Amino acid sequence: MMKFARLESERKLKALPTGTGRPEVAYDVVDIPGKEKGAVAARLIRRGEEVMRAAPLIMVDDAAVGGLGRKELGVLIHEAVQGLLESGMGRYYRDLAGGNVQATTGEQKDMQVFAKNAFKVRVRGLGENGGERMFHTVFHEVSRVNHDCSPNMGYYFDQESLTQKVVAARDIHPHEEMTIGYVDLSQPSMARQQLLNESWGFACTCHRCTLPPAQQKEADSRASQIQRLLEQLDDYSSAEPLPEMAELLITLYELEGLRVRIYEAYYRAALEWNGAGSSVKATNYARLCLDSGLMLRSDDSPFLDSMMKLVQSPQQHWSWKFRIALVEKGGSGP
Ligand SMILES: [Zn+2]
């Protein structure tokens, strides 16, 4: 049986809101064999439960990350960590280093923690003309959560509270490791492995990445088909209704364990059935899209707004018979 070493000092941090008002600690940060530290469920966590809500420890403008040399960036980050130390938050940042950072100076160490743990987030209203601006951000809690190509939690950056929200995409059982996806999970295993190695410096050993050869081949073929289907379905200029393809996309997402993104497939199925003039089927998939979409994404996401409109009145939605209308107008399809 796997043995997890409990870190009492970190356990205290978990008295954060769990979204249900229940006082029990939701998870522990423990040593995980072969993976440094990770989060494991301390009790049953229900699908849809908000497990973490993390404020950023450090945010660095994307332009600074791209424009500054590594040394200058190191100095900038080191200064930010010094500021955190003064406010009593610095140890959370330094904790992330674990035992695996080999650096001689404080700048190098802080830089390595940053490179290993930063997530990219978009913040509205800070860019040119009030547009979006990209930041590389380190969140203490979220940075403790390991990657899996079929993760059991989703996360998004909440623009209102400027926090990273992490939500269980399915029930998570006590002692089960809690995971999120660091890269685009719909890609074949080779592409995922390459990205994970380049950006985070590790080889993924999750279930999807360690299948027997024949199953791996089939899984990679499914992932490639997902990419092709998304391209086809997102081409609204074709006059051919594609509801069966959208349903195939749902099957492929399910088989690949992409429950954190399943709403993307439901969204396409809702549009395609509506595009073909079937309001009942369209409403069915719009409901499914809203169920997981409202759970895993910020509720002001435009696609959710669109699905709410479709549910209210499929015939008034922009997608109503849109593929058929293209045929009537002599569109480009067959
Ligand atoms: Zn993997």
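This text follows the structure it describes.
Here's a quick rundown of the structure. (Residues numbered from 1 in each chain as written. Predicted model: local features only at pLDDT ≥ 70, side-chain atom pairs only at ≥ 80, totals over all residues.)

## Re the overall build of the protein chain
Then, in step 1: On a plain count of helices and strands, the protein chain comes out with 13 helices and 10 strands.
Then, in step 2: Buried residues in the protein chain amount to 33% of all 334 residues.
Then, in step 3: Within the protein chain, contacts between residues separated by at least 24 positions form 62% of all contacts whose residues are at least 6 apart in sequence. (Helix = DSSP H or I, 4+ residues; strand = E, 2+ residues; numbered from the N terminus. Buried ≥ 20, exposed ≤ 12 C-beta atoms within 10 Å, placed from the backbone. Contact = placed C-beta atoms within 7 Å.)

## What to know about the pairing of strand β2 (residues 37-41)
The two faces of a sheet get side chains in turn, since along a regular strand they alternate between them.
Then, in step 1: Of all five residues that make up β2, four are buried, and the element is covered over most of its length.
Then, in step 2: Sheet analysis places strand β1 (residues 27-31) next to β2, joined by five bridges and oriented antiparallel. Paired with valine 30 across the bridge in β2 is glycine 38.
Then, in step 3: Two successive antiparallel strands, β1 and β2, enclose a turn made up of five residues, where glycine 34 displays a positive phi of approximately 80°.
Then, in step 4: Two elements, β2 and strand β10 (residues 177-180), share two bridges in a ladder whose sense is antiparallel. Considered in β10, the bridge of alanine 39 is made with methionine 178. (Pairing = 2+ DSSP bridges.)

## So, the sheet that holds β1
Then, in step 1: Read across the sheet, four strands follow the order β1-β2-β10-β7 without closing on themselves; strand pairing throughout is mixed. Each edge of the open sheet carries a strand with a single partner, namely β1 and β7 (146-147).

## Quick notes on helix α10 (residues 262-275)
Then, in step 1: In a regular helix each residue adds 1.5 Å, so 14 residues correspond to 20 Å; α10 covers 20 Å between its end C-alpha atoms and thus fits that length.
Then, in step 2: Along α10, 14 of the 14 residues are buried, which leaves the element largely enclosed by surrounding structure. (Expected span 1.5 Å × (residues − 1).)

## Description of the nonpolar core
Then, in step 1: Ranked by internal contacts, the top residues of the largest apolar core, which has 68 residues, are Val51, Met153, Tyr266, Ala270 and Cys289.
Then, in step 2: Examining the composition of this core, we find that nine residues originate from one element, α10, more than from any other.
Then, in step 3: When residues of this core are assigned to domains, at least three fall in each of domain 1 (52-187) and domain 2 (213-328). (Core = buried A, V, L, I, M, F, W, Y, C linked by C-beta atoms within 7 Å. Domains from an automatic or database assignment.)

## Points about unusual backbone geometry
The bulk of non-glycine residues show a negative phi, and the bulk of peptide bonds are trans.
Then, in step 1: Of note, the phi angle at leucine 162 is positive, near 50°, even though the residue is not glycine.
Then, in step 2: Along the chain, leucine 162 falls in the loop between β8 (153-158) and β9 (163-168).
Then, in step 3: With phi around 55°, lysine 321 is a residue other than glycine that occupies positive phi space.
Then, in step 4: Mapped onto the elements of the fold, lysine 321 is located in the loop between α12 (302-312) and α13 (322-328).
Then, in step 5: Judged by C-beta crowding, with 18 C-beta atoms within 10 Å, lysine 321 ranks as partly exposed.

## So, the sheet that holds β9
Then, in step 1: Pairing is antiparallel in the open sheet, where three strands are placed in the order β3-β9-β8. Edge positions in the sheet fall to β3 (50-54) and β8, since each of these pairs with one other strand and no more. Each adjacent strand pair in this sheet contributes to an overall mean axis angle of 20°, direction not counted.
Then, in step 2: Pairing analysis gives six bridges linking β8 to β9, with the strands arranged antiparallel. Counted as the bridge partner of phenylalanine 157 is glutamine 164 from β9. (Axes fitted to C-alpha atoms, helices over the stretch in contact; angles between N-to-C directions.)

## Re the environment of serine 221
Then, in step 1: Position of serine 221 among the secondary structure elements: in helix α8 (residues 213-233).
Then, in step 2: The class of serine 221 is exposed, set by 12 C-beta atoms lying within 10 Å.
Then, in step 3: Separated by 32 residues in sequence, serine 221 and serine 189 have C-alpha atoms that sit 10.0 Å apart.

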